[in-house]
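# Fold and geometry: a report
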Amino acid sequence: MHGEIFKGRCARSRCSALRQLLKDKQGLRVMEVHCPLTALLVEGVSYSANDGDVVFDAFWSSSLVDATLRGKPDIELVELSERFSSVSTIFDVTTKPLIFDADTGGVIDHLPYHIRNAERLGISAFVIEDKTGLKKNSLLGNEVLQSQASIEFFSKKIAIAKQSQTHPDFMIIARIESLILDEGMAQALRRALAYVAAGADGIMIHSRQAAPDEVLEFARLFRMHHPAIPLVCVPTTYTNIHFDALVEAGFNVVIYANHMLRAAYPAMSFVAREILKKGCTQEVEEYCLSVKGVLELIPGTS
């Protein structure tokens, strides 16, 4: 991009990069990427504001997106080794740190192997959610059968994950599903405090409400106990709150969890239908990157 050929960075420095960013910046913008091209786009995109260029600080590897790209349901069906392979291709050509959506973390006895493989790649953080049984997408809420692991079991999973890591800057972020499953604010906070005590490096609170009220309330209550522990949110449903407002409320990381995929699919669907309808491509060319543009997209192609 912009005449520069990205050659990645060493795994150890990339693994440390997220912690360093959290020290350097009050709030981080994180965007979903699912292939090297989307990662290059996210790494290169910016806009100029009064106080300097605004950029995305890190990548998010989404289990929902990775499953959808393979035409499979979001039920932890795609093996982590397969997803790690995709991350490796992204790391070949980019430099930003990556936060990995690890669903439930899988079988507890397998977790140490997953952690070490993630570290070897240069992944900066694992997010594991406190659900149990067959994993279903969180935004389905109680429309499908979902249940949380006990606080004791999930705390043990966090402790095992932390004991397994070898890189001091690798992060385990505990994702709490209490608000998703209508278990209430008191339980969400109780779990958050227990998970931090078990060694979690950060807390992600998830919500399926259209308004941000409950995540803002959670942040207020959590910050009374832990002013400095990284706090993560995913505003997929509460779309009308600005990044700055979330940071002001106490969130350190804001993840836009599936927007690259969601943006691409409608565009591709439209173009495909129009070609069928018109019988030629002339009328859709304005919606497509030119072939010359494709050739110029990646340095070294032309």
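Further up the page is the structure itself.
Here is a short report on the structure shown in this document. (Residues numbered from 1 in each chain as written. Predicted model: local features only at pLDDT ≥ 70, side-chain atom pairs only at ≥ 80, totals over all residues. Heavy atoms only, no water.)

## What about the overall build of the chain?
Helix and strand counts for the chain stand at eleven helices and twelve strands. Relative to the globule expectation of 19 Å for 302 residues, the C-alpha radius of gyration of the chain, 20 Å, shows essentially globular dimensions. Expressed along its principal axes, the backbone C-alpha trace of the chain runs to roughly 60 × 45 × 40 Å. Across the 302 residues in the chain, those meeting the buried criterion constitute 49%. In the chain, once contacts between residues fewer than 6 apart in sequence are set aside, the share between residues at least 24 apart is 74%. A total of about 14600 Å² of accessible surface is found on the chain, and carbon and sulfur atoms cover 56% of it. (Helix = DSSP H or I, 4+ residues; strand = E, 2+ residues; numbered from the N terminus. Rg over C-alpha atoms; globule rule 2.2 N^0.38 Å. Buried < 20%, exposed > 50% of the residue type's maximum accessible area, 1.4 Å probe, protein only. Contact = heavy atoms within 4.5 Å. Areas by Shrake-Rupley, 256 points an atom, 1.4 Å probe, with all protein chains shown as cover.)

## Observations concerning the pairing of strand S2 (residues 46-49)
When S2 meets strand S3 (residues 52-55), the two strands line up antiparallel, connected through four bridges. Within S3, the residue paired with Ser46 across the bridge is Val55. Hairpin connection of S2 to S3: two residues between the antiparallel strands. (Pairing = 2+ DSSP bridges.)

## Description of the environment of Ser290
Mapped onto the elements, Ser290 comes out in the loop between helix H10 (259-278) and helix H11 (291-297). Its relative accessible area of 40% is what places Ser290 among the partly exposed residues. Between the C-alpha atoms of Ser290 and Ala125, which are 165 residues apart in sequence, the distance is 37 Å.

## Things to note about the nonpolar core
Core analysis: the largest hydrophobic core is formed by 55 residues, its most contacted members being Phe100, Ile123, Phe126, Tyr195, Ile203, Phe218 and Phe222. Residues in contact with Ile123, not counting those within four places in the same chain, are Cys15, Phe84, Val87, Phe91, Leu98, Phe100, Ala118 and Phe170. Counting 18 residues, the second largest nonpolar core, distinct from the first, contains Leu18, Ala58, Met171 and Ile255. (Core = buried A, V, L, I, M, F, W, Y, C linked by side-chain atoms within 4.5 Å.)

## Some words on the pattern of salt bridges
The tally for this structure, following the rule as stated, stands at 15 salt bridges. Arg175 serves as the salt-bridge partner of Glu129, at 3.6 Å between the closest nitrogen and oxygen. Of this pair, Glu129 sits in strand S6 (residues 125-129) while Arg175 is found in strand S9 (residues 171-176), placing the two residues 46 residues apart along the sequence. Lys278 is paired through a salt bridge with Glu283; the nearest N and O atoms lie 3.5 Å apart. Given the relative accessible area of 35%, Lys278 is considered partly exposed. Look at Glu283 and you get partly exposed, because its relative accessible area is 45%. Through salt bridges with shared partners, one network takes in Arg19, Lys162, Asp169 and Asp201. (Salt bridge = Lys/Arg side-chain N within 4 Å of Asp/Glu carboxyl O.)

## So, the packing of helix H6 (residues 151-164) against helix H7 (residues 185-198)
At a closest axis distance of 8 Å, the pairing of H6 and H7 adopts a crossing angle of 35°. Once H6 is placed against H7, the crossing between them reads as right-handed. Each of Ile151, Phe154, Ser155, Ile158 and Ala159 in H6 lies in contact with H7, whose residues at this interface are Arg190, Arg191, Ala194, Tyr195 and Ala198. A breakdown of the residues in the contact of H6 with H7 according to their chemical character gives seven nonpolar, one polar and two charged. (Axes fitted to C-alpha atoms, helices over the stretch in contact; angles between N-to-C directions. Left-handed = near helix turned anticlockwise from the far one by under 90°. Nonpolar A, V, L, I, M, F, W, Y, C, P; charged D, E, K, R; others polar.)

## Remarks on the packing of aromatic side chains
Per the counting criterion, the structure on display carries eight aromatic pairs. A centroid spacing of 4.9 Å and a plane angle of 75° characterise the contact between Phe270 and Tyr287, whose relative ring orientation is edge-to-face. With Phe270 in helix H10 and Tyr287 in the loop between H10 and H11, this pair connects stretches of sequence that are 17 residues apart. Here Phe270 falls in the partly exposed class, since its relative accessible area comes to 28%. Ring pairs connect the aromatic residues Phe84, Phe100, Phe126 and Phe170, which therefore count as one cluster. (Phe/Tyr/Trp six-rings, centres within 6.5 Å; stacked < 30°, edge-to-face > 60°.)

## Brief notes about the sheet that holds S6
Taken in spatial order, the eight strands of this closed barrel run S1-S4-S5-S6-S9-S10-S11-S12, and their pairing is parallel. Here the average twist between neighbouring strands, direction ignored, is 25°. As judged from the four bridges shared by S9 and strand S10 (residues 202-205), these two strands associate in the parallel manner. Bridging across to S10, Ile176 finds its partner in Ile205.

## Some words on H7
Taking 1.5 Å per residue as the helical rise, H7 with its 14 residues ought to reach 20 Å, and the 20 Å between its terminal C-alpha atoms agrees with that figure. The complete set of buried residues in H7 reads Gln187, Ala188, Leu189, Arg191, Ala192, Tyr195 and Val196. Residues of H7 that are buried in the fold lie against strand S8 (147-148), H6, S9, S10 and helix H8 (213-225). Once H7 ends, the next one or two residues include Gly199, with phi positive near 120°. (Expected span 1.5 Å × (residues − 1).)

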